[in-house]
Every structure is written in structure tokens, then in C-alpha cells.
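# Topology and contacts: notes
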Amino acid sequence: MSEPTLSPKPLPPDSYLYLRHRWPVRLTHWLNVLSLGILLMSGLMIFNAHPSLDWGKSSYTGRPSFFEITSREAADGHVIGITRVFGHEFDTTGLLGVSDGADGKASAIAFPGWITIPSRYSLAESRLWHFFFAWLLVLNGLAYLVYSLISRHVQRDLAPTRQDWRGFGRSIRDHLRFRHPQGEAARDYNVLQKLSYLAVVFVLLPLIVLAGWAMSPWLNSLWPGWVDIFGGRQSARAVHFIVAWLLVAFVAIHVFEVLVSGVWNHLRSMVTGRYRITTPKEPTHE
Amino acid sequence: MNRLRISPEALAKRRFLRRALGGGGALLVGGCDRLGENESFAKLLSAGETLNRSVRDAGGVTMAQEFTPADLSPSFRGNGNTDPDDEDYKAMVATGFADWKLVVDGLVDAPASLSLADLRAMPARTQITRHDCVEGWSAIGQWTGVPLAHVLERVKPKPAARYVVFHCADSFAEEDGDTPYYESIDMRDAYHPQTLLAYALNDKTLPVTNGAPLRLRVERQLGYKQAKYLMRLELVADFSDIGEGKGGYWEDQGYQWYAGI
């Protein structure tokens, strides 16, 4: 530096790395990515075996399905894919109801092969995938919960503070403008981030597991009638499906936020644990 | 899946979307397809199934939920074979099952051949339960029949008997000819108080659609275990030499033998 330094003390570094995520959080995070991805894709194949949703204790209650993916022959003789929501029909040919199979030929199937496991129709195989990764998700989730409560990760990092609640409105405005906390403020999760993680960990994931269990005739028998908390077994199936898409929506927003707030910094911190804090330069006075 | 005629414009309309979204998915799906075909990986995947069964085996005798007449499905859906075209079966339908008899044999001290009148004369149980198909749908029906436990008491199973195999009158046409339907359950489920040989559905004689003249109800398991069109119960020590050896028609196609999940 050619300019003389007036201050006798060295300036604090502009940026430094600190340990943001400890290894149990990193490990359980990536196991969640794996198991939720496979559960979604194998789940969509399971759904293909009966691509409609009903509300109630059984599928046949006298009321029509509130959601249905099907196909039918159009007036011109071509087969079109139909998605029916509360009686409203949408032509979803190419994506839902009718889509290209792996062989490039159009086939009548609810969710297309490129998003299901396996890619060709097999209820038996998709169930094997689904139950294996369901066990992984549940055991991984339990390990995360035990660690996070004992290490006080939940209480320290996820529970919103009084100050967080006061900044709630500002946090919403910041998110809508894609503005993110800088410097030391980036060390803590923001309030919307905390609430969405809490919602996923304590509401959506327990709900989807419980709704999944509610579909098992044997688990039903452990305490006859417990599935009626969902409004019945078929309601539980609908809840399972809807929560799966809420989780997809969470992942979409989560990945978007990672992309717009420093993708490499976030990725590094979820792999090695180290996150870089960059202090904005103080305005200099000439 | 069948080949379908479809307008090229309709498909092209959304093809770009599929490409954009599908790139990553296709990569993952392709990898999973190949993994699923690998024998040792398939074995690893079935660990989930083994865990499911272990958890159930650790539990005691639990009862399936029973419902009220208000919950009954307006019509009880038939699935799989609903009108078997096997000649022997059609002949029995023509005579109203007058000559039908249920054979109970295998590892038993007192093999029996029971007519519908014999079964109706035994103590009956009526239950309103939900039938959960592996596909995802369910229907609620009222079943009347004789608890399988009563039939077993009459034929006196030998100590070596571990499973009851249900041989059925219906079959599925496959490349190598007709494959008969069959199922099997273990003695725990066989003696369960809700396990019935049902001859009536919703207070009416069991219709052909739902398995006339006699079907199994093994509540707490999925629909494909509820064998229809029963002809013969065989008590065995193991079922590896029956069918493809997996314990049932759908089990031989890759479905789980324990169908409680």
C-alpha cells in the first residue's frame, strides 16, 4: 500500500470463514435431499396406479373424486390427457394423462416416465423404492431431531427471537426485492427462513409421515379409528399427496433463495460447514 | 401401456417444457432404472419391506377398524378377475355352486371337504371393514362368513403347518398359459378373529364380481391377499414349490408377501 495508514491497529479482515453448519446437520440435510427426491418420484409412480384423490373413509362414498388425472378420446380421434380439479377439466396432454414413454411413443399414464421411479409402469417396484427411502427419511429425521434438540440447534438457530418478530414485515419486503442480510447479519437465519424451516421440520414432514402410515391397513389396526383424525383413510392419502407438493414448493423456494443469495457460499457451507462472511466496506472519508 | 394416436401438435406444445424440466429428472430416473435392475441393489431395497414385517411381527394381536352401515360404499368395487372365464368355474356358476365344495387338506390330521351348507352351519361373524387395494383405492363392505379359526379347529393342523395356501378357481392369461390365482397367510393371521371365509357381502350372497361362492377376508392386509373364488385350502410348512414360490400370484409378479403396508 502506498498510502500511509493512520490507524495504529490493523483493520478487521473484509471477509472470514466460520463454521455455519455442523456435520450432523450437513449429513442429515443431504440424506433428506436423496430420500425426499426418491420418495417423490416413486410416490408419483404409486399414484399412477390410481390417479385420483377422494375425501373420506373410503374411495367410494357416493361423492366424485376431487382430483383426477385421466385420458379420453377427443372428437378428432386423438387421445388427450385430462386433469380434473373439483369438476374443472384441463387439457394436460404431453405432461399429465398422456405423455411420451421412454420409447418415444405416447402412452396413457398420469405422471410421465421422466419424473417417476421406475420410469416404466411398475407399482411393485415403486413400492420397494418408496418404503426403503421412507425408512431412511424417518430414521434420518429422528436423528436430526435428537441432535437438534440436544445441541440446542433448534432453540439457538431456528426459534425466532423477539427482534425477529419485530422485523417480520421488513423481512417480507426484503425477500420480495431479493435483498438479503449482509455482513454479520447474514450469520443468523432471517425470520422467514426460520419459520419455513420450522414448518417443514415440525409440521410438513411429520404430517406426510403420519398420512403415509394412515394408508397402511396394519398400522390402522394399532389403534382402530386413529386415521379418522385425517377424516378417513382416503383423506389421509389426499393429505399425503398435497403435502408432498407443499414440500416441492418449499424446495423450489429454498433452492431459489440459495441461488440468489450466494450459491457457492451456501453450497460450501452445506458441504464443508464453512460460510464466508463479507463485511461491507465502511464508506471512506477523503 | 398401449400405443395411442395423438396429435403431434398437442405433444409438441408441451415437449419443450418436458425437456426443460426433464433433463435432471431423466438422468436420475435412468440411473434408478438401472440400479433397480441390479440384483444386489434390489435386495437392498427390499430391506424396507423386511423392516416393515419385523415391526408387525413384534406387535401383538390388533383389530382392524370396524365401521357402521352409514360408512358402506354404495357399490363394492371388484378388481382383478371379476368374471372368471375358466370353464370349470363357469360350469359352477351355471349350477349356482350346488356341487361346489371347499377342500381343506395338506398338513392336517382330518382333511375335510365342506359344502356351502356346511360352512353356513358353522359359527358366523359379520364385520364392516375397509378393503385397501394396493393401487390406492378403498371400499367399505359388510362381510359375513365363518372365521377361518373354526375351520382349522375342525381339520386339526399338524404342528409342522406354518401357512395356509388358498387355491382359487380363477386364473390370469400369461404368455406361458393360464396362471391360477393363489395366496398364502401365516398361522398368526389364519387364527385372527377377523379372518373370515366370507360367503356374504352386504347381507347378500357373495356375487361373482367379489369372489363367489367364497372368498378370504384377512383384514389388516391389502386387497390382493383377499383371495376370491376359493376352491382349496392347503396347509403347508413352506410355499416355495407352489407357483413361482413367492406365496401368491401377485407376489410372484414382485409384490410383497406381507401386505400390511
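Here is a short report on the structure shown in this document. All values reported here derive from a predicted model rather than from experimental measurement.

As a further point, take the overall build of chain A. A count of helices and strands for chain A gives nine helices and eight strands. Here the C-alpha coordinates of chain A stretch approximately 85 × 50 × 35 Å along the principal axes. The proportion of buried residues among the 286 residues of chain A is 45%. The long-range share in chain A, meaning contacts at least 24 apart out of those at least 6 apart in sequence, stands at 59%. When the accessible surface of chain A is summed, it comes to about 15,600 Å², and 66% of that surface belongs to carbon and sulfur atoms.

What follows is about unusual backbone geometry. Across residues other than glycine, the phi torsion is negative in most instances, and most of the peptide bonds are trans. Omega for the bond connecting isoleucine 117 of chain A with proline 118 of chain A falls within 30 degrees of zero, at -10 degrees, which places this linkage in the cis form. Tracing the sequence through the fold places proline 118 of chain A in the loop between strand E7 (106-109) and helix H2 (123-150). Omega for the bond connecting alanine 212 of chain B with proline 213 of chain B falls within 30 degrees of zero, at 0 degrees, which places this linkage in the cis form. The backbone of arginine 152 of chain A sits at a positive phi, close to 65 degrees, despite the residue not being glycine. Residue placement: arginine 152 of chain A occurs in the loop between H2 and helix H3 (153-158).

Between chain B and chain A, the contact holds 65 residues from the first and 56 residues from the second. Between chain B and chain A lies a buried interface of about 5,300 Å² when both sides are counted; carbon and sulfur atoms form 63% of it. On inspection of chain B and its partner chain A, the count reaches two salt bridges. A salt bridge links lysine 57 of chain A to aspartate 71 of chain B, with the shortest nitrogen-to-oxygen separation between them at 3.4 Å. For the interface between chain B and chain A, the tally reads 19 residue pairs in polar contact (both at pLDDT 80 or more). If one sorts the elements of the side of chain B that touches chain A by residue count, helix H1 (residues 8-37) of chain B sits on top with 16 residues. Looking at the side of chain B that touches chain A residue by residue, the classes come out as 32 nonpolar, 19 polar and 14 charged.

Take the pattern of salt bridges next. Should their charged atoms come close, side chains of opposite charge can pair. Applying the stated criterion across every chain, the model contains 23 salt bridges over all chains. Aspartate 174 of chain A is paired through a salt bridge with arginine 179 of chain A; the nearest N and O atoms lie 3.5 Å apart. Across the salt bridge formed by glutamate 234 of chain B and arginine 232 of chain B, the nearest N and O atoms sit 3.5 Å from each other. Residue glutamate 234 of chain B is classed as buried on the basis of its relative accessible area, which comes to 17%. Among the charged side chains, a salt-bridge network with shared partners connects Arg56, Asp57, Asp186, Asp189 and Arg220 of chain B.

Inspection of every chain in the model, using the stated rule, returns 30 aromatic pairs over all chains. Their ring planes at 70 degrees and their centres at 5.0 Å tell us that phenylalanine 132 of chain A and phenylalanine 133 of chain A sit as a pair that is edge-to-face. Judged by its relative accessible area of 6%, phenylalanine 133 of chain A falls in the buried class. An aromatic cluster of three or more residues is present, and its members are Phe172, Tyr181, Tyr224, Tyr249, Trp250 and Tyr255 of chain B.

All names here are of chain A. Taking strand neighbours across the sheet as the criterion, the four strands line up as E2-E3-E4-E5 in an open arrangement whose pairing is antiparallel. Across the chains shown, the open sheet's two edge strands, defined by having one partner strand only, are strand E2 (52-53) and strand E5 (88-91). Strand direction decides the pairing type here: E2 and strand E3 (residues 67-73), joined by two bridges, are antiparallel. Considered in E3, the bridge of leucine 53 is made with phenylalanine 67.

There is a patch of like negative charges on the surface, built from Asp83, Asp85, Glu87, Asp88 and Asp178 of chain B. Overall, the relative accessible area of 59% leaves aspartate 83 of chain B in the exposed class.

On to the sheet that holds strand E10 (residues 230-236) of chain B, then. Residue and element names in this part refer to chain B. Ordered by their spatial adjacency, five strands build an open sheet running E2-E1-E10-E5-E6, and the pairing between neighbours is mixed. Each end of this open sheet is capped by a strand with a single partner; those strands are strand E2 (112-114) and strand E6 (177-186). Strand after strand, the sheet turns through a mean of 25 degrees between neighbouring axes, direction not considered.

Right, let's talk about the pairing of E5 of chain A for a bit. The pairing of strand E4 (residues 79-85) of chain A with E5 of chain A spans four bridges and is antiparallel. Pairing of valine 85 of chain A across the sheet is with histidine 88 of chain A, part of E5 of chain A.

All right, on to the packing of helix H1 (residues 23-48) of chain A against helix H9 (residues 263-271) of chain A then. Residue and element names in this part refer to chain A. Where H1 meets H9, the axes come as close as 8 Å, and the angle between the chain directions of the two elements is 105 degrees. By the criterion of interaxial angle, the relationship of H1 to H9 is roughly perpendicular. Contact with H1, carried on its side by Val25, Arg26, His29 and Trp30, involves Leu267, Ser269, Met270 and Val271 of H9 and no other residues of that element. Residues belonging to the contact of H1 with H9 are distributed by class as follows: five nonpolar, two polar and one charged.

Right, let's talk about the nonpolar core for a bit. Leu148, Val151, Val164, Phe166, Leu197 and Leu230 of chain B are the most contacted members of the largest nonpolar core, which has 58 residues in total. Residue contributions to this core peak at six residues, all from strand E7 (residues 196-201) of chain B. Those residues within four positions of valine 151 of chain B in sequence are excluded, and the remaining contacts are Val104, Leu114, Leu119, Met122, Val146 and Leu197 of chain B. In this structure, Val25, Phe133, Ile208 and Ala244 of chain A belong to the second largest nonpolar core, which totals 36 residues.

Relative to the helices and strands, glycine 31 of chain B resides in helix H1. In this structure the C-alpha to C-alpha distance between glycine 31 of chain B and aspartate 85 of chain B, which are 54 residues apart in sequence, comes to 41 Å.

Now for the environment of valine 103 of chain B. Mapping valine 103 of chain B onto the fold places it in strand E1 (residues 102-106). In the structure, valine 103 of chain B is positioned 127 residues away from leucine 230 of chain B in sequence and 9.3 Å away in space, judged by C-alpha atoms.

A surface patch of nonpolar side chains, amounting to about 510 Å² of accessible area, comprises Phe178, Val251, Val255, Phe256, Leu259 and Val260 of chain A. Taking the relative accessible area as the measure of exposure, phenylalanine 178 of chain A reaches 49% and is therefore partly exposed.

The next point concerns the environment of serine 151 of chain A. All names here are of chain A. Looking at the element boundaries, serine 151 is found in the loop between H2 and H3. Serine 151 sits in the partly exposed class, given a relative accessible area of 22%. On a C-alpha basis, the gap between serine 151 and threonine 161 in space is 18 Å, while along the polypeptide they are ten residues apart.

What counts, and where the lines are drawn
Residues numbered from 1 in each chain as written. Chains lettered and ligands numbered in written order. Predicted model: local features only at pLDDT ≥ 70, side-chain atom pairs only at ≥ 80, totals over all residues. Heavy atoms only, no water. Helix = DSSP H or I, 4+ residues; strand = E, 2+ residues; numbered from the N terminus. Buried < 20%, exposed > 50% of the residue type's maximum accessible area, 1.4 Å probe, protein only. Contact = heavy atoms within 4.5 Å. Areas by Shrake-Rupley, 256 points an atom, 1.4 Å probe, with all protein chains shown as cover. Buried area = accessible area lost by both parts, 1.4 Å probe. Salt bridge = Lys/Arg side-chain N within 4 Å of Asp/Glu carboxyl O. Polar contact = N/O pair within 3.5 Å; in protein donor to acceptor, adjacent residues only side chain to side chain. Nonpolar A, V, L, I, M, F, W, Y, C, P; charged D, E, K, R; others polar. Phe/Tyr/Trp six-rings, centres within 6.5 Å; stacked < 30°, edge-to-face > 60°. Pairing = 2+ DSSP bridges. Patch = residues over 30% accessible without salt bridge, like charges linked within 9 Å, V, L, I, M, F, W, Y side chains within 5 Å. Lys, Arg positive; Asp, Glu negative; His and termini not counted. Charge placed at Lys NZ, Arg CZ, Asp CG, Glu CD. Axes fitted to C-alpha atoms, helices over the stretch in contact; angles between N-to-C directions. Parallel < 35°, antiparallel > 145°, perpendicular 65-115°, else oblique. Core = buried A, V, L, I, M, F, W, Y, C linked by side-chain atoms within 4.5 Å.

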